[in-house]
Amino acid sequence: MNSNHFVMKKIVYIVVFLSILPMAVSAQLLKGKVVGTELKSLTIAYSPKGDVMETEYKETPVKDGVFNFDAELPSETTDIGVIVEGRNSLGAHLTKDKTIEMTITEKDGRLVATFKGVNNDVCPVVSRMEEAYDIMRYFSMDPDSKMTHADYRKMLDNEYAAVAALLKGIKNKNVRQYYTRLNDAKYKHQLLRLIADKAYAEKKKPHDIAEYREMLEDVDVNDEINVRSNMSFSKLTNMVKAEQVFKGDMGPYCMELMQLTDQYVTNKNLRRSIVSTVGYNYFTFGDDSGDYHAFFDAYKKFAGEENADIPKKYEGKIAAWDKTHSGVPAPDVTLTDKEGKTITLSSLKGKFTYIDVWATWCGPCKKEIPFMEKMVERFKDNDKVQFISISVDENVDAWKNMIEADKPAWPQYNVTKETAKKFMSDWGITGIPRFIMIDKNGNIFSADSSRPSEEKTAQIIEEQTK
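Residues numbered from 1 in each chain as written. Predicted model: local features only at pLDDT ≥ 70, side-chain atom pairs only at ≥ 80, totals over all residues. Heavy atoms only, no water.

(A) Structural context of helix α16 (residues 455-464). Taken together, the buried positions of α16 are occupied by Thr457, Ala458 and Ile461. In an axial view of α16, the angular spread of the buried residues amounts to 95 degrees, which keeps them on one side of the axis. Packing partners of the buried residues in α16 comprise β13 (352-358), α13 (363-378), β14 (385-391) and β16 (434-438). (Buried < 20%, exposed > 50% of the residue type's maximum accessible area, 1.4 Å probe, protein only. Helix = DSSP H or I, 4+ residues; strand = E, 2+ residues; numbered from the N terminus. Arc of directions from axis to C-beta. Contact = heavy atoms within 4.5 Å.)

(B) Layout of the pattern of salt bridges. The final tally for this structure, using the stated rule, is 28 salt bridges. The salt bridge involving Arg110 is made with Glu131; its shortest N-O contact spans 2.7 Å. A residue pair is termed long-range when its members are at least 10 positions apart, and Arg110 in strand β10 (residues 110-117) and Glu131 in helix α2 (residues 123-132) qualify at 21 residues. Across the salt bridge formed by Arg128 and Glu159, the nearest N and O atoms sit 2.6 Å from each other. (Salt bridge = Lys/Arg side-chain N within 4 Å of Asp/Glu carboxyl O.)

(C) Representation of the sheet that holds strand β6 (residues 66-69). Spatial ordering of the open sheet is given by β6-β3-β9-β10, a layout of four strands whose pairing is mixed. For this open sheet the edge positions go to β6 and β10, each flanked by a neighbour on one side alone. The sheet shows a mean angle of 25 degrees between the axes of neighbouring strands, direction not considered. Sheet topology note: the strand β9 (residues 100-107)/β10 ladder contains eight bridges and is antiparallel. Among the inter-strand pairings, Ile104 is bridged to a residue of β10, identified as Ala113. α2 contacts β9 and β10 of the sheet and is inclined by roughly 155 degrees relative to β10. (Pairing = 2+ DSSP bridges. Axes fitted to C-alpha atoms, helices over the stretch in contact; angles between N-to-C directions.)

(D) How the structure looks around the side chain of Thr78. Its place among the elements puts Thr78 in strand β7 (residues 77-83). Among the residues examined, Thr78 registers a relative accessible area of 8% and is labelled buried. With residues near it in sequence (within four places) discarded, Thr78 still touches Leu73, Ala92, His93 and Leu94.

(E) Here's a closer look at the packing of aromatic side chains. One pass over the full model with this rule turns up 20 aromatic pairs. With 5.5 Å between their ring centres and 90 degrees between their planes, Tyr280 and Phe285 make a pair best called edge-to-face. The partly exposed category is assigned to Phe285, whose relative accessible area is 26%. With centroids separated by 6.1 Å and ring planes inclined at 40 degrees, the aromatic side chains of Phe379 and Phe387 adopt a geometry described as tilted. For the pair Phe379 and Phe387, a shared accessibility class is recorded, and that class is buried. (Phe/Tyr/Trp six-rings, centres within 6.5 Å; stacked < 30°, edge-to-face > 60°.)

So, in structure tokens, the structure goes:
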């Protein structure tokens, strides 16, 4: 946000009064300090346009226990997340041109936040809600975890009650009612996810579960609370009959979702979110096996002029798909190890190469690491295959700290800034984790391959390295 902001009727005022008029400086939105625990950095999660699919993550340094945050808010008030690597999430409620002071301390092994300033009665609710419904808490990255569906439901119930207790502290009745409804909706959405996870584990579809169907039955998709909590999106996707074909043609699924949106959605925020989601699903979870040029034409029409900026993000993906078919030479990139030494991807020719593209802040990426470890162990005596991981972390220290702690048994590299930007563009990477297979001649075998957690990955490697 530009803090030097002038309001004037005539441009000539700049010349006449510049030396005598004081500048109107906008208030800093968030002033933070950390007391009694050491943090080097944290990440602020916020959406400039109010759409969860367009959330931006701003790496924010903590220097001498102090951090600050400013941004252009999409509305008069906005909720943000405050993410600390390896710790519980926090949050804050920001108001345009006003300052909220946030103090982070540690209590009973978890971070807690207290607030001073405007709307300091709302901030504790927002902060606790960020922690309560942090999706990373409701699935384990440990494949040997003993947490059951019942355990997660009990935890969710306790978190809901913790937020509900804080709601009483919000002074404004209308604001209190808003966050009461939001707490209910976020609880239901996380419960839906738990039910869906259980269904998938039992080889069922979520819609087969009566509780799941009943929770969605009366959801008004255009209600702003349902939009914000993702209940609206759950309702719509539950109506789609086409299957999601991960690592396959997502066209039929995405086309049906677009048709349902045209039929039922009037909320502009929800429509924009679905435009974002459709593109993300098709170009991140799908592959180039369908007629992606025809889909892209339909997708741009669906987005319309109002949301035309979203499809533009995937023009590079179309170009990348056009040039990353199986059998073509793999795009080269310079990789850097933790000691600062560099190699090129092309120098690894001679062996079948399996590449993990990840980042320390990516939960699904870290969930695959134990499976990657098992894969490396499985093929440790096979000299025809090699495994490497490429981090796209901008925070190189976070990457170094994690690999130093975990000590993985396969080569670790990092790409940052312009190198990372070109690497992601060349390979059409719009989301991580991403896995790539390159044959022994340096040609692409699969630009978007299966994950280590999928048994077919090992089968492919075995077949290609006989």
